[in-house]
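Summary of the model geometry
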There are 2 protein chains.
Amino acid sequence: MGTTKTHIFSNRHNELARIAKVMAHPARVAILEYISRQENCICTDLVEEIGLAQPTISQHLNEIKKIGLLDGTFEGKNLCYCINQKRWAEVQNLISSFFLNINQNCC
Amino acid sequence: MGTTKTHIFSNRHNELARIAKVMAHPARVAILEYISRQENCICTDLVEEIGLAQPTISQHLNEIKKIGLLDGTFEGKNLCYCINQKRWAEVQNLISSFFLNINQNCC
DNA sequence: TATTATAATCGTAATATTGCAATATTAAAT
DNA sequence: ATTTAATATTGCAATATTACGATTATAATA
């Protein structure tokens, strides 16, 4: 018990949920927004910008990476993060079509 | 520890996360979709449709209600659920503007 | 009023998430 | 080769989520 029964749901529903889960934390929403605002793809000071400990930020970044929304080299000094535009568009599409679909058919 | 530090984030970020959290489970995605497809607002057989126990479905419905996405009388026999169209549009708007905002400014 | 059909609530076990201190890793700079 | 500045990983405590059996509440109907 305690585990989501993913096997009883469709791939689409599971993927939508997986994506939503990444956005289901204010830190990750803030991180995405902050990275997107950087002109030249360098986002070093996320820790002080967000106000959580460095390991926590790293953990959140990892969750975002998992669904393919971040590009960049993830090792060493002076990291470089970027939104993966293609994946972003995919995700955006998935979510907005979900919303459109429901809006039209409801009673 | 273990609790999200909501106080260090903006209202907007917190609300986006709160909404995303509701969609962060395949059952709730499926429930929203199922309810929206019913013509006349009667959605009695969610339990067998989704394949989770009745208390579990009830719990998930409650999560959806919490962010105002469901209308209807929630007591007794022959329940009647409906998507709250106004709230739905609000939520749709919030999310899509988040996506648009990011898409434009990223490096 | 007793029965029935339905949904909500309670209690609880299993698992997942959040957050951070301590430590390790990485690569540039000295 | 050391130091330094940055991020990643590990381990763990606190809390949240998921799921369901048992029970309770609700309202229509017999």
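Rules of the game
Throughout this description, residue numbers start from 1 for each chain and increase along the sequence as written. To read the labels, note that chains go from A and ligands from 1, taken in the order they are written. Restriction of local features to residues with pLDDT of at least 70 applies here, the model being predicted, together with a cutoff of 80 or more for giving and counting side-chain atom pairs; totals for whole chains, interfaces and linings are based on all residues. Computation of side-chain values: all heavy atoms of the structure, hydrogens and water removed. Contact criterion: two residues are considered in contact whenever any of their non-hydrogen atoms come within 4.5 Å of each other. Here the quantity called buried area is the accessible surface, traced with a 1.4 Å probe, that two parts lose on coming together, added over both. The salt bridge criterion pairs a side-chain nitrogen of Lys or Arg with a carboxyl oxygen of Asp or Glu, the two atoms within 4 Å. Whenever a nitrogen or oxygen atom comes within 3.5 Å of another N or O atom, the pair is scored as a polar contact, on the condition that within protein one atom can donate a hydrogen and the other can accept it, and that pairs from neighbouring residues in sequence are kept only if both atoms are in side chains. Elements are defined by DSSP. Helices are runs of H or I of four residues or more, strands are runs of E of two residues or more, and each kind is numbered from the N terminus. Throughout, the ten residues Ala, Val, Leu, Ile, Met, Phe, Trp, Tyr, Cys and Pro are labelled nonpolar, Asp, Glu, Lys and Arg are labelled charged, and all others, Gly among them, are labelled polar. A helix is expected to span 1.5 Å for every residue after the first. Working definition: with a 1.4 Å probe on protein chains only, accessible area under 20% of the residue-type maximum means buried, over 50% means exposed, and in between means partly exposed. Throughout, the arc means the angular range of directions from the helix axis out to the C-beta atoms. An axis is simply a line fitted to the C-alpha atoms; with a helix, the fit covers only the stretch in contact. Between two such axes, the angle follows the N-to-C directions and lies from 0 to 180 degrees. For classification purposes, an angle smaller than 35 degrees is called roughly parallel, one larger than 145 roughly antiparallel, one from 65 to 115 roughly perpendicular, and anything else oblique. For this overlay, a least-squares fit was computed on C-alpha atoms, restricted to residues scoring pLDDT of at least 70 in both copies. Each residue gets a pLDDT score, which is the predictor's confidence in that residue and runs from 0 to 100. Aromatic pairs are defined between Phe, Tyr and Trp rings, using the six-membered ring for Trp, whenever the two ring centres lie within 6.5 Å; interplanar angles under 30 degrees are classed as stacked, those over 60 as edge-to-face, and all others as tilted.

1. Some words on the interface of chain A and chain B
The interface of chain A with chain B comprises 44 residues on the first partner and 44 residues on the second. Here chain A and chain B share an interface that buries about 4,200 Å² over both sides, 68% of which is from carbon and sulfur atoms. Taking the shortest distance from any N to any O, the salt bridge between Arg12 of chain B and Glu33 of chain A comes out at 2.4 Å. The interface formed by chain A and chain B contains seven residue pairs in polar contact (both at pLDDT 80 or more). Ranked by residues supplied to the side of chain A that touches chain B, first place goes to helix α5 (residues 85-105) of chain A with 12 residues. Considering only residue class, the side of chain A that touches chain B consists of 26 nonpolar, 12 polar and six charged.

2. Thoughts on helix α4 (residues 54-66) of chain B
Residue and element names in this part refer to chain B. Helix length check: α4 (13 residues) gives 18 Å between terminal C-alpha atoms against 18 Å at 1.5 Å per residue, within 8%. Residues of α4 that are buried include every one of Ile57, His60, Leu61 and Ile64, and no others. One face of α4 carries all of its buried residues, which in axial projection span an arc of 100 degrees. Exposed residues pointing more than 90 degrees away from the buried face of α4 are listed as Pro55, Gln59 and Lys66. In this fold, the buried residues of α4 make contact with α1 (11-22), α2 (26-37), α3 (46-50) and β1 (70-71). Backbone geometry just downstream of α4 places Gly68 in the positive-phi region, at approximately 80 degrees.

3. Here's the deal with the packing of helix α2 (residues 26-37) of chain A against helix α4 (residues 54-66) of chain A
All names here are of chain A. The geometry of α2 relative to α4 is characterised by a closest axis approach of 10 Å and an angle of 80 degrees between their N-to-C directions. By the criterion of interaxial angle, the relationship of α2 to α4 is roughly perpendicular. Contacts from Ala27, Arg28, Ile31, Leu32 and Ile35 in α2 reach Ile57, His60, Leu61, Glu63 and Ile64 in α4. The residue inventory of the contact of α2 with α4, partitioned by class, reads seven nonpolar, one polar and two charged.

4. Notes on the side chain of His60 of chain B
Topologically, His60 of chain B is positioned in helix α4. If we ignore the near neighbours within four places in the chain, the residues touching His60 of chain B are His25, Ala27, Arg28, Ile31 and Leu52 of chain B.

5. Focus on the relation of the copies chain A and chain B
Under the fitted operation, chain A is carried onto chain B by 0.0 Å of movement along the axis and a turn of 180 degrees, and the coordinates agree to an RMSD of 0.0 Å. Both copies of the chain, as the preceding transformation shows, are related through a two-fold rotation axis. Among all C-alpha atoms of chain A, that of Ala20 of chain A lies closest to the rotation axis, at 2.5 Å. Of all interface residues in chain A, 100% are interface residues in chain B too; the two copies therefore contact each other through one and the same surface.

6. Re the confidence of the model for chain A
Looking at chain A, pLDDT values average 88 and 85% of them are 70 or higher. Ranking the helices and strands of chain A by mean pLDDT puts helix α1 (residues 11-22) of chain A first, with 98, and α5 of chain A last, with 87.

7. Some details on the packing of aromatic side chains
The full count for this structure, using the stated rule, is six aromatic pairs over all chains. Pairing Phe98 of chain A with Trp88 of chain B gives two aromatic rings, centres 6.0 Å apart and planes at 55 degrees, and the pair type is tilted. In this pair, Phe98 of chain A sits in helix α5 while Trp88 of chain B sits in helix α5 (residues 85-105), so the two residues belong to two different chains. Note on accessibility: Phe98 of chain A and Trp88 of chain B belong to one class, buried.

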